[in-house]
Amino acid sequence: MKIIYTLFLFLFVAYFANGQERFLTKTGTISFFSKSPLENIEAENSQVLSIVDAGSGQMAIAILMQSFLFEKALMQEHFNENYVESDIYPKATFKGNIIDFDKIKATETPVKIIGEITIHGESQKITIEAIAKKTQVAIFMTGDFYINLADFAVDIPSIVRNKIAQKIKVSFRFNHKPYK
């Protein structure tokens, strides 16, 4: 009888462990834009890792800072060496929850994502408005939000501090596929 109970418990746990469906992308895209009187600053990173747990609505994102590509190599160098110091802080992360995840449909649905973003070793609570769409084979998410560089202890040299916007617009696109 013990063997039957043990077997039943094992199958029960295995069933629910598989029931926690996760969706993953390794090719999510995050871009940012900052308007400047001298020259606009923009970059894109298409190597963003993001995972969504469909059972709980939890979401995690990891971004390698050196994977941001700029139009000009000098901007990319300054970004990595002088601003985000990617040799010391190689990645940015986000951990949070998609509110009312179970209400996302096959049509575009507005959602809120609440969590904590860490950039340059500093963490801040953030609420992000996004658009999500869920099918049997993917979860699509897009959205925009703003960050203030001062909130993340990013040192901007005084010579350029007044010439660039302190708030930066961040945009994202994710196409999560089932992951087991």
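This text goes with the structure placed above it.
Residues numbered from 1 in each chain as written. Predicted model: local features only at pLDDT ≥ 70, side-chain atom pairs only at ≥ 80, totals over all residues. Heavy atoms only, no water.

Engineer: Go over the nonpolar core with me, naming the residues and quoting the values.
Structural biologist: Across soluble globular proteins, you tend to see nonpolar side chains buried next to one another. In this structure, F68, I98, I113 and M141 are the most contacted members of the largest nonpolar core, which totals 40 residues. Ignoring any residue separated from it by four or fewer positions in sequence, one finds I98 in contact with V52, G57, M59, I104, V111, K112, I113 and M141. (Core = buried A, V, L, I, M, F, W, Y, C linked by side-chain atoms within 4.5 Å. Buried < 20%, exposed > 50% of the residue type's maximum accessible area, 1.4 Å probe, protein only. Contact = heavy atoms within 4.5 Å.)

Engineer: Got a sec to walk through the pairing of strand β1 (residues 22-34)? Specific residues and values, please.
Structural biologist: Taken together, the 10 bridges between β1 and strand β2 (residues 41-53) define a ladder with antiparallel strand orientation. Counterpart to F33 in the pairing with β2 is E42. As consecutive antiparallel partners, β1 and β2 are separated by 6 residues. The pairing of β1 with strand β9 (residues 167-179) spans 8 bridges and is antiparallel. Across the sheet, residue T29 finds its bridge partner in β9, namely R173. (Pairing = 2+ DSSP bridges. Helix = DSSP H or I, 4+ residues; strand = E, 2+ residues; numbered from the N terminus.)

Engineer: Outline the side chain of N80, listing residues and values.
Structural biologist: Relative to the helices and strands, N80 resides in helix α2 (residues 73-83). Engagement of the side chain of N80 in a polar contact is seen with the backbone oxygen of Q76, the distance being 3.0 Å. Ignoring any residue separated from it by four or fewer positions in sequence, one finds N80 in contact with M65, Q66, E85 and S86. (Polar contact = N/O pair within 3.5 Å; in protein donor to acceptor, adjacent residues only side chain to side chain.)

Engineer: Tell me what's going on with the packing of aromatic side chains, and back it up with residues and numbers.
Structural biologist: Applying the stated rule across the entire model yields 7 aromatic pairs. The aromatic ring of F140 is capped on one face by K133, whose charged end is 5.3 Å from the ring centroid. (Phe/Tyr/Trp six-rings, centres within 6.5 Å; stacked < 30°, edge-to-face > 60°. Lys NZ or Arg CZ within 6 Å of the ring centre and 35° of its normal.)

Engineer: How would you summarise the pattern of salt bridges if you had to cite specific residues and measurements?
Structural biologist: Enumeration over the complete set of coordinates arrives at 3 salt bridges. Its salt-bridge partner being K72, residue E39 comes within 2.3 Å of it at the nearest N-O pair. Taken together, the residues E39 in the loop between β1 and β2 and K72 in the loop between β4 (69-70) and α2 connect sequence positions 33 residues apart. A residue is classified by how much of its surface remains accessible, and E39, at 34% relative accessible area, is partly exposed. Linking E116 and K125 is a salt bridge whose minimum nitrogen-to-oxygen distance equals 3.8 Å. (Salt bridge = Lys/Arg side-chain N within 4 Å of Asp/Glu carboxyl O.)

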